[in-house]
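Topology and contacts: notes
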Amino acid sequence: MNTLVLWDIDRTLVDAGGLGVDWYRTALRAAAGLDMVREPDFAGRTERAITLELLALHELEATEELITRLHAELIDAARREHGLLTERGRALPGALEVVRALARRDDVVQTLVTGNLVEIARFKLAPFGLDEHLDFDIGGYGRLSEHRPELVLEAVRLASAKHGREFRAVVVGDTPHDVRAALHHDAVAVGVATGRSSAEELREAGAHVVLADLSDTGAVLAAVLP
């Protein structure tokens, strides 16, 4: 069976150097005229979930109009400042090598299951060449839902529809949210301990395989491929 690799972005493939939080700060000021005085929990969560918490923390009603306006400002901030990623951020060790190695296989399709909006996903990956081998059209993105398992379902659905076949899905991410989203749909969960969650926390969440990082290409391929 063909394998569908569903990559998380932040602290799995790249470290954005805190720019994502800065973009939210800018977006909140532009969309609602407020400074960010309390930060939502970002790790492993979708853009919609983060936005709903951010608005609640600042006592703003989460209307669809305000959410849409804030996301538009978020994209605009990222568009203006994504060039800073090469200064403040970095591709994590082994990420580009693994993505390239999987791209050479005819039995693998790679896309994203990320809390990011699709536009911001592109901005974060392009400076490091990580966008070249991923199919953005079949990913699951943070605008869809506050619940991460729905992103996995959407990506699998889109990939199956595009390619006309079923896939063995593998989610690769750095948080228990990634692991649980994979398990919710009987996908393989590969945890990477490059974020705030420890290897033990990823194992406790149920990850089938836990890696320290992506630097050993052979180990990553062994974890991802059947």
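Report follows, based on the coordinates.

What counts, and at which threshold
- Residues numbered from 1 in each chain as written.
- Predicted model: local features only at pLDDT ≥ 70, side-chain atom pairs only at ≥ 80, totals over all residues.
- Heavy atoms only, no water.
- Core = buried A, V, L, I, M, F, W, Y, C linked by side-chain atoms within 4.5 Å.
- Buried < 20%, exposed > 50% of the residue type's maximum accessible area, 1.4 Å probe, protein only.
- Helix = DSSP H or I, 4+ residues; strand = E, 2+ residues; numbered from the N terminus.
- Contact = heavy atoms within 4.5 Å.
- Axes fitted to C-alpha atoms, helices over the stretch in contact; angles between N-to-C directions.
- Parallel < 35°, antiparallel > 145°, perpendicular 65-115°, else oblique.
- Left-handed = near helix turned anticlockwise from the far one by under 90°.
- Nonpolar A, V, L, I, M, F, W, Y, C, P; charged D, E, K, R; others polar.
- Pairing = 2+ DSSP bridges.

**Comments concerning the nonpolar core**
Most often, soluble globular proteins have nonpolar side chains that are buried together. Membership of the largest hydrophobic core comes to 52 residues, with the highest contact counts inside it found for W7, L13, L112, L125 and L130. Tallying contributions element by element places helix α3 (residues 64-81) first for this core, with 7 residues. With near-sequence residues (within four places) excluded, L125 lies in contact with I9, L13, V14, L112, L130, D131, L134 and F136. Counting 21 residues, the second largest nonpolar core, distinct from the first, contains L151, V152, A187 and V210.

**Side note on the packing of α3 against helix α6 (residues 118-125)**
α6 packs onto α3 with a crossing angle of 15° between their chain directions and a minimal axis gap of 9 Å. With respect to each other, α3 and α6 are oriented roughly parallel. The handedness of the crossing between α3 and α6 is left-handed. Contacts between α3 and α6 involve L74, I75, A78 and R79 from the first element and E119, I120 and F123 from the second. Classifying every residue of the contact of α3 with α6 by side-chain character gives 5 nonpolar, no polar and 2 charged.

**A word on the sheet that holds strand β7 (residues 209-211)**
The strand order across the open sheet formed by 5 strands is β4-β1-β5-β6-β7, and the pairing between neighbours is parallel. Only two strands of the sheet have a single partner each, and these edge strands are β4 (108-112) and β7. In this sheet, neighbouring strand axes are inclined to one another by 20° on average, regardless of whether the strands run parallel or antiparallel. As paired strands, strand β1 (residues 2-7) and strand β5 (residues 167-173) are joined by 6 bridges and run parallel to one another. Within β5, the position partnered with L6 by the bridge is V171. Strands β1, β4 and β5 of the sheet are contacted by helix α7 (residues 148-163), whose axis makes an angle of about 140° with β1.

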